[in-house]
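Reading the structure
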Amino acid sequence: GSTSTGTVNASLASDNPASSTVPSGATSVNVLKFVLANNSAASSTVDMLTLKRTGPGAASDFGSVYLYEGTSRLTTGRSVNSSTNEVSFTGLGLVLNAGSSRTLWVGVNMATSPGAGNVSAFQVMGGSAGSATLGGLPVQGSNFTLATATVGSLPISKTGSITNPKVGQKNVKVAEFQLNAGSS
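Residues numbered from 1 in each chain as written. Predicted model: local features only at pLDDT ≥ 70, side-chain atom pairs only at ≥ 80, totals over all residues. Heavy atoms only, no water.

Concerning the packing of aromatic side chains
Selection criterion: Two aromatic rings, drawn from Phe, Tyr or Trp (for Trp, its six-membered ring), form a pair once their centres lie within 6.5 Å of each other, and the interplanar angle then sorts them: stacked below 30 degrees, edge-to-face above 60, tilted otherwise. Only DSSP runs of H or I covering at least 4 residues are called helices, and only runs of E covering at least 2 are called strands; the numbering of each starts at the N terminus. For every residue, the accessible area (1.4 Å probe, protein chains only) is compared with the maximum for its type, and the residue is labelled buried under 20%, exposed over 50%, or partly exposed between those bounds.
In the structure shown here, the tally under the stated rule is four aromatic pairs. A centroid spacing of 5.1 Å and a plane angle of 80° characterise the contact between Phe62 and Phe122, whose relative ring orientation is edge-to-face. Of the two residues, Phe62 sits in strand S5 (residues 62-69) while Phe122 sits in strand S10 (residues 119-129), which places them 60 residues apart along the sequence. Take Phe62: its relative accessible area is 6%, and that puts it in the buried class. The class for Phe122 is buried, based on a relative accessible area of 0%. Note on Tyr68 and Trp105: the rings are 4.1 Å apart at their centroids and 10° apart in plane angle, and the pair reads as stacked.

This is the structure:
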């Protein structure tokens, strides 16, 4: 919906990710991108956001859920509640000056053994900015399908030894390591 009921309104970002297939064990997968806009003449602070996992998938398909702004992670990981399928982020303190907006995205870490073929989407279903509730809710992202394929790994192994280089010293070895393609 896009009805304005508060000073801060949520809407789906124009570059919200399209539906896709996500492998097990994938990290920081962008599943929803949305805009919080303050259309009032006064500054407002978004304190809390509640997300909901929707679709025939399962809460256990997800390890952790985070909120990001650009490349900055704003929160610690939260779990999807197995009864309500909700994820709450409190104490956000996201200041929106009068007439400004902020674009956030939801990043998820997939479980290592999600249900193959499970389909889920995430939506912003609630939130507050001081005494006002957010308008324009719910805002739902695209569906994505979970795959049992695993993500590759690139283990780093220490090799050799280095001397104790001094700050400002030139042409010294500061690290020695080997990268090996993982088996998964």
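Here's the deal with the sheet that holds S5
Heads up, the rule is: A pair of strands is treated as paired once DSSP finds two or more bridges between them.
With antiparallel pairing, the five strands of this open sheet are ordered in space as S1-S3-S9-S5-S6. In this open sheet, the two edge strands, each paired with only one partner strand, are strand S1 (8-12) and strand S6 (72-73). Both S1 and strand S3 (residues 29-38) contribute to a ladder of five bridges, which runs antiparallel. Note that in S3 the partner of Ser11 across the bridge is Val35.

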